[in-house]
Amino acid sequence: MSGKRDAAERIHDFLEVDTGLSENNAVLEATRCMECVRPKCTEGCPVNINIPGFIAAVVKKDYAEAAKILKADNMLPAICGRVCPQETQCQGRCVLGKKERPVRIGALERFVADWERKQGIVTPAVGKPTGKRVAVVGSGPAGLTAAAELARYGHSVTLFESLHAPGGVLTYGIPSFRLPKDIVRDEIDQVLKLGVDLKLNHIVGRSVSVDELLAYDAVFLGMGAGLPSFMNIEGEGLNGVYSANEFLTRVNLMHADSFPDYDTPVIKGKKVVVVGGGNVAMDASRVARRMGAEVKLVYRRRMEDLPARQDEIKNAAEEGVEFICCANPTKILGEVTVSGIECVKMDMGKPDESNRPIPTPMTGPDSTFTLEADVVIEAIGQSPNPLLLSLMPDLERGRHGTVFVNSSGMTSILHVFAGGDIATGAATVIEAMGTAKKAAAAMNEYLTKISE
Ligand SMILES: Cc1cc2nc3c(=O)[nH]c(=O)nc-3n(C[C@H](O)[C@H](O)[C@H](O)COP(=O)(O)OP(=O)(O)OC[C@H]3O[C@@H](n4cnc5c(N)ncnc54)[C@H](O)[C@@H]3O)c2cc1C
């Protein structure tokens, strides 16, 4: 089966942890597929990949065909094979999982995509030019998917990205030991080869005006949810306090992982406290460990309530992250820079609607404690950045600052569509891609109608 590098070795570098399936193991794993007549796995995939189809091609060792089948529905298979939470999506629906281990669909997807990368990727064909101009805002998985789909329909696509590198969270968020950046670049190149015109360093709402944007025949908004939440406690203004977003961006985009070659200003402190319990908190903790820090993760509920993927929790624990559960920070200590963090112990109350206990702060003499820290990283959630949305008052808003869309990805403005985290709130790569694919189909329908 696919291997994993030893924790003692991997905490000293940013190389990929999971080593993937060998060819033999991939074929063996593929032969486990039951080829169900009504495959539940495909229903569990937000972009509806023909999973039994590509797995059957692996059984025949026709990897080129397997790649073609994958790419008919997903232009980012090497990325999805690595980062999708398959256990709750395709694999979670595999009938084999009822009695034994489900087919490792994600590992097979990765195997096929990596095989194709080695051979030279074949770019899918695009449709006849329609003469319609489409703008896509944001080059994360939602924007990339919308751009690829729209280019394949034959529309002329301009993809605006505010940063100097495309990819959104794939590039600046997810660490390279889970998702190597050359793989992200290769798959983005494939999208660009479809004829998509990528404009980096273009902040829509600043360097590109809303009027310029709305002058396109159709618009897709895929700005993500990059605005970090903070705890709003004393001491958050001290040097050494980061949002996980800022910390991971400095590491990924400003080469903090390449010291001493780059002297990126991330405090290379010895004691780091990460606050939060989701996947982002696991990523921040594991990155900090690789930068030589002693890492404590503070989470307000119990270990079994951690919302992160089980594999990621296990990886973090193996790499030496210490979990301090049932505790919540109340104050960050220090004068100019961080010196510690004060926490209160939490009591677990009755379960809430998510069936997790409602945590409440304890009182009394032993209810608080202090941890030494040089760096505090907050990973407690994020929401859509309001910049562009505040300039589009006609755009109906959804919950928690999102853009409201109907089930086809249409917003309240006729030719404006949206998908990904900006429409759903913080979710997953494949969900962002699924909503973008749906919106692209609706955009194509709209564009076809206006040309009739
Ligand atoms: C650290 C981290 C780890 C994660 N790990 C996983 C994982 O393992 N598996 C998984 O499935 N999901 C994971 N997620 C969630 C997943 O990455 C997101 O759900 C997904 O990236 C959302 O895609 P998106 O395209 O909507 O937004 P994003 O990826 O956020 O991309 C939005 C893009 O829009 C750009 N942008 C914003 N505003 C403007 C503007 N005004 N003009 C131009 N460009 C603009 C941004 O710069 C950005 O590049 C993780 C998230 C984080 C933060």
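Owing to the predicted nature of the structure, the values given are computational and were not obtained by experimental measurement.

Calculation criteria
One numbering rule holds for all chains: residues counted from 1, following each sequence as written. With the structure being a predicted model, the display of local features is reserved for residues of pLDDT at least 70 and the display and counting of side-chain atom pairs for 80 or more, all residues being used for whole-chain, interface and lining totals. As a rule here, side-chain values cover all heavy atoms of the structure and leave hydrogens and water aside. Residues grouped as a nonpolar core are buried Ala, Val, Leu, Ile, Met, Phe, Trp, Tyr and Cys residues, joined through side-chain atoms within 4.5 Å. To sort residues, take the accessible area from a 1.4 Å probe on protein chains only and compare it with the maximum for the residue type: under 20% means buried, over 50% means exposed, and anything in between is partly exposed. Here a strand is any run of E in DSSP of at least two residues, a helix any run of H or I of at least four, and the numbering for each starts at the N terminus. Each domain's extent was defined by an automatic or database domain assignment. In this description, contact between two residues means that some pair of their heavy atoms is separated by no more than 4.5 Å. Proximity is defined per residue: any heavy atom of the residue falling within 4 Å of a molecule or strand makes that residue near it. Within 3.5 Å is the distance limit for a polar contact, defined as a pair of N or O atoms, with the added protein rule that one can donate a hydrogen and the other accept it, and that residues adjacent in sequence qualify only through two side-chain atoms. As a working rule, the residues Ala, Val, Leu, Ile, Met, Phe, Trp, Tyr, Cys and Pro are called nonpolar, Asp, Glu, Lys and Arg charged, and the rest polar, with Gly in that last group. One bridge is not enough; two strands pair if DSSP finds at least two bridges between them. Think of each axis as a best-fit line through the C-alpha atoms, taken over the contacting stretch in the case of a helix, with angles from 0 to 180 degrees between the N-to-C directions. Aromatic pairing here means that ring centres of Phe, Tyr or Trp (its six-membered ring) are within 6.5 Å. Orientation follows from the plane angle: under 30 degrees is stacked, over 60 is edge-to-face, and everything else is tilted. When describing relative orientation, an angle under 35 degrees is termed roughly parallel and one over 145 degrees roughly antiparallel, while 65 to 115 degrees is termed roughly perpendicular and anything else oblique. Handedness of a helix crossing follows the sense of rotation of the near helix relative to the far helix, less than a right angle counterclockwise being left-handed and clockwise being right-handed.

A. Just the nonpolar core, in detail. With 70 residues, the main nonpolar core has Ile 51, Phe 54, Ile 55, Leu 108 and Phe 220 as its most contacted residues. In terms of residues, this core owes the most to one element, helix H18 (residues 429-451), which gives 11 residues. Shared between two domains, this core takes at least three residues from each, and those domains are domain 1 (3-119) and domain 2 (133-226 + 384-451). Excluding its chain neighbours within four sequence positions, the residues that come into contact with Ile 51 are Cys 41, Thr 42, Cys 45, Cys 90 and Ile 105. Phe 14, Phe 177, Val 287 and Leu 297 belong to the second-largest nonpolar core, a separate cluster that totals 31 residues.

B. Structural view of the site of the ligand. Within the structure, the ligand sits among 34 residues, and Val 83, Glu 161, Arg 178, Asp 421 and Val 429 are positioned closest to it. A distance of 2.9 Å is found between a nitrogen atom of the ligand and a backbone nitrogen or oxygen belonging to Val 204. Interatomic distance of 2.9 Å between a backbone N/O atom of Val 429 and an oxygen atom of the ligand. Mapped by element, the contributors of at least two residues to the shell around the ligand are helix H9 (141-152), helix H10 (169-172), helix H14 (279-290) and H18. Looking at the shell around the ligand, its residues break down into 18 nonpolar, 12 polar and four charged.

C. Seen up close, the sheet that holds strand S10 (residues 294-298). As summarised here, the arrangement of the five strands in space is S8-S16-S9-S10-S11, forming an open sheet in which the pairing is parallel. Of all the strands in the sheet, the pair left with one neighbour each is strand S8 (241-243) and strand S11 (322-324). Between one strand and the next, the sheet's axes are offset by a mean angle of 25°, whatever the strand orientation. Sheet strands in contact with helix H13 (residues 244-253) are S8 and strand S16 (375-378), and its direction is about 90° off that of S8. Set on the sheet, H14 makes contact with strand S9 (271-275), S10, S11 and S16; between it and S10 the angle comes to about 165°.

D. Local environment of the environment of Val 273. Relative to the assigned elements, Val 273 resides in strand S9. Distance in space between the C-alpha atoms of Val 273 and Ala 215 is 47 Å, their sequence separation being 58 residues.

E. Representation of the packing of aromatic side chains within the structure. Throughout the structure, instances matching the rule amount to six aromatic pairs. Geometrically, the ring pair formed by Tyr 63 and Phe 111 is edge-to-face, given 5.2 Å between the ring centres and 85° between the ring planes. Of this pair, Tyr 63 sits in helix H5 (residues 63-73) while Phe 111 sits in helix H8 (residues 105-119), and the two are 48 residues apart along the sequence. Its relative accessible area of 11% is what places Phe 111 among the buried residues. Ring geometry for Phe 160 against Tyr 216: centres 6.2 Å apart, planes inclined by 85°, an arrangement best described as edge-to-face. In this pair, Phe 160 sits in strand S4 (residues 156-160) while Tyr 216 sits in the loop between helix H12 (210-214) and strand S6 (218-221), placing the two residues 56 residues apart along the sequence. You can call Tyr 216 buried: its relative accessible area is 11%.

F. Looking closely at the pairing of strand S14 (residues 357-361). With four bridges joining them, strand S13 (residues 338-351) and S14 adopt antiparallel strand pairing. Across the sheet, residue Met 346 finds its bridge partner in S14, namely Pro 361. Linking S13 back to S14 in an antiparallel pair, the connection comprises five residues, with Asn 355 at a positive phi of about 65°.

G. Spatial organisation of the environment of Ala 151. When you line up the elements, Ala 151 lands in helix H9. The exposure class assigned to Ala 151 is buried, which follows from its relative accessible area of 5%. Setting aside anything within four residues of it in sequence, one finds Ala 151 in contact with Val 126, Gly 127, Val 157, Leu 194 and Val 196.

H. Representation of the packing of H13 against H14 in the model. At a minimum axis separation of 10 Å, H13 and H14 run at an interaxial angle of 45°. When the axis of H13 is compared with that of H14, the two are oblique. Crossing of H13 over H14 shows left-handed handedness. Contacts between H13 and H14 pair Ala 244, Phe 247, Leu 248 and Val 251 from the former with Val 280, Asp 283, Ala 284, Val 287 and Ala 288 from the latter. Partitioned by chemical class, the residues of the contact of H13 with H14 number eight nonpolar, no polar and one charged.

I. How the structure looks around the packing of helix H2 (residues 23-30) against helix H4 (residues 51-59). Where H2 contacts H4, the axes come no closer than 8 Å and their chain directions differ by 130°. Judged by the angle between their axes, H2 and H4 are oblique. As H2 packs across H4, the resulting crossing turns out to be left-handed. Across the interface between the two elements, Ala 26, Val 27 and Ala 30 from H2 touch Ile 55, Val 58 and Val 59 from H4.

J. Highlighting the sheet that holds strand S18 (residues 416-418). Strand order in the open sheet formed by five strands is S5-S4-S3-S6-S18, with parallel pairing between adjacent strands. Two strands lie at the open edges of the sheet, namely strand S5 (197-199) and S18, each paired on one side alone. Between one strand and the next, the sheet's axes are offset by a mean angle of 20°, whatever the strand orientation. Sheet topology note: the S6/S18 ladder contains three bridges and is parallel. For Val 219, the partnering residue across the bridge sits in S18 and is Val 416. Along the sheet face, H18 touches strand S3 (133-137), S6 and S18 and points at about 170° away from the line of S6.

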